[in-house]
Amino acid sequence: MQYRVLGESGLKVSHLCFGSLTLGALQRNYSTEYGASLIRHALENGVNFIDTAELYETYSHIKAALRKWPGEVVVCTKTYAYSRDQAARSVEEARKKLDREVIDIFLLHEQESRLTLEGHRPALEYLVECREKGIIKAAGVSTHYQEVVRAAASMEEVQVIHPLLNKPGIGIRDGSAGDMINAIEMAKKKGKGIFIMKPLAGGHLVNLAEEALSFARDFSLADAVAVGMGSKAEVEYAVALFGNKEVPESLKQEAGNRKRKLFYLKEDCSFCMNCVQACPQDAVSWDNGPVIDHSRCILCGYCGAYCSSFCLRIV
């Protein structure tokens with residue numbers, strides 16, 4: 001496993017980051033014990049970087065995985081907070097639920113524009129104060145927008161940027177893969193730590209997994225790549241690829257053949273329509289219930305977080 005320093009944050013992270021969205025209620029809804037066992041398997045294979053968020057509901061999995069683990073582990077989490085009070089609650093919740101006095105990286109989750117960044121500035125300023133007090137080590141943003149990457153590149157408060165990037169650019173909301181790469185290059189020149197998300201485009205590229213993950217691995221501007229891993233085979237497959245090792249055909253078959261899809265349990269629907277507004281890809285419309293455009297859906301699971309009856313699932 002290769003390790004790199006995340007920009008000017010001083011944090012040394014594995015090139016492969018364990019993306020924990022896969023484990024939580026928005027996706028596979030694994031038990032704490034099973035989710036922890038997958039994270040632990042990744043740790044044992046050299047991964048020392050874990051990505052999570054309040055929304056993912058995976059703090060318990062990470063806490064259990066890290067119990068009595070002797071090595072250094074870098075944990076990144078994210079919050080939708082826009083006020084100081086909200087940010088303070090998010091920080092304390094993460095410290096308590098992860099059982100960590102210091103949170104390595106805290107990001108403003110899913111920023112959409114320069115205006116959004118400005119609206120969330122009180123929360124970001126609180127995170128900066130926490131960094132100065134040693135409660136967190138680095139602050140930053142996550143985004144599907146290249147405009148946000150460009151804006152954050154010039155912000156002294158931001159040390160880490162977590163942008164969406166995959167080879168075809170699926171899920172980038174305001175441009176192409178080339179536009180995002182140009183924005184990342186700008187941020188990198190400013191000393192920002194970069195770790196990219198969605199290299200498999202939320203499952204759309206699962207049948208091209210080796211090509212897609214190799215693109216992300218070889219993208220020199222990224223210090224790390226967050227990959228959702230939902231089985232020991234998927235962990236071993238990603239570890240081998242990021243280690244530039246030949247992957248056995250049997251492991252490719254075991255790790256890569258499971259297709260996922262967003263589906264709707266009509267009998268559980270409360271017709272709240274929250275999913276239509278929550279979808280960041282405009283992949284959900286309404287016709288006496290949610291209608292899913294699978295060509296736009298990136299299987300992020302965010303719609304499910306706002307579904308009052310949790311009738312939208314990824315399987």
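That block above? That's the structure.
Described in the following lines is the structure provided in the data block. Quick caveat: nothing in here was measured; it's all calculated off a predicted structure.

### Some words on the overall build of the protein chain
- Of the regular secondary structure elements, the protein chain holds 12 helices and 14 strands.
- Counting only C-alpha atoms and orienting by the principal axes, one finds that the protein chain spans roughly 50 × 45 × 40 Å.
- Buried residues in the protein chain amount to 57% of all 315 residues.
- Look at the contacts in the protein chain between residues 6 or more apart in sequence, and 72% of them connect residues 24 or more apart.
- As presented, the protein chain carries roughly 13,400 Å² of accessible surface, and 47% of it is formed by carbon and sulfur atoms.

### Notes on the pairing of strand β7 (residues 136-143)
- With 7 of its 8 residues buried, β7 lies for the most part within the structure.
- Across 6 bridges, the pairing between strand β6 (residues 103-111) and β7 is parallel. Paired with L108 across the bridge in β7 is V141.
- Bridge count between β7 and strand β8 (residues 160-163): 4 bridges; the pairing is parallel. The residue of β8 that forms the bridge with G140 is V160.
- In terms of handedness, the path from β7 via helix α6 (residues 146-153) over to β8 forms a crossover that is right-handed.

### Here's the deal with the layout of surface pockets
- Considered as a void within the structure, the largest pocket measures approximately 240 Å³ in volume.
- Along the walls of the largest pocket sit 16 residues, with E110, E112, Q277, A278 and Y306 positioned nearest its centre.

### Description of the packing of helix α1 (residues 32-44) against helix α9 (residues 232-242)
- The N-to-C vectors of α1 and α9 enclose an angle of 25°; their axes lie 9 Å apart at closest approach. Compared by their axis directions, α1 and α9 come out roughly parallel. As α1 runs across α9, the sense of the crossing is right-handed. Counted together, L38, H41 and A42 of α1 and K232, V235 and E236 of α9 form the full contact between these two elements.
- Tallied by class, the residues present in the contact of α1 with α9 amount to 3 nonpolar, 1 polar and 2 charged.

### Concerning empty space enclosed by the protein
- Evaluation of the coordinates by the stated rule reveals 3 cavities of 30 Å³ or more.
- Taken together, 36 residues form the lining of the largest cavity, with T22, L200, V227, G228 and R260 sitting closest to its centre.
- Looking at the lining of the largest cavity, the elements that each hand over two or more residues are α8 (209-218), β10 (224-228), α9 and α10 (249-256).
- Looking at side-chain class alone, the lining of the largest cavity contains 17 nonpolar, 11 polar and 8 charged residues.
- Taken together, 14 residues line the second largest cavity, and the ones lying closest to its centre are C279, C297, C300, G301 and C303.
- Split by residue class, the lining of the second largest cavity holds 12 nonpolar, 2 polar and no charged.

Definitions and limits used
- Residues numbered from 1 in each chain as written.
- Predicted model: local features only at pLDDT ≥ 70, side-chain atom pairs only at ≥ 80, totals over all residues.
- Heavy atoms only, no water.
- Helix = DSSP H or I, 4+ residues; strand = E, 2+ residues; numbered from the N terminus.
- Buried < 20%, exposed > 50% of the residue type's maximum accessible area, 1.4 Å probe, protein only.
- Contact = heavy atoms within 4.5 Å.
- Areas by Shrake-Rupley, 256 points an atom, 1.4 Å probe, with all protein chains shown as cover.
- Pairing = 2+ DSSP bridges.
- Right-handed = clockwise from strand over helix to strand, strands pointing away.
- 1 Å grid on protein atoms, 1.4 Å probe; cavity = no way out; pocket = protein on both sides within 12 Å on 5 of 7 lines; lining within 4 Å.
- Points joined across faces, edges and corners; volume = space filled by probe spheres on them.
- Axes fitted to C-alpha atoms, helices over the stretch in contact; angles between N-to-C directions.
- Parallel < 35°, antiparallel > 145°, perpendicular 65-115°, else oblique.
- Left-handed = near helix turned anticlockwise from the far one by under 90°.
- Nonpolar A, V, L, I, M, F, W, Y, C, P; charged D, E, K, R; others polar.

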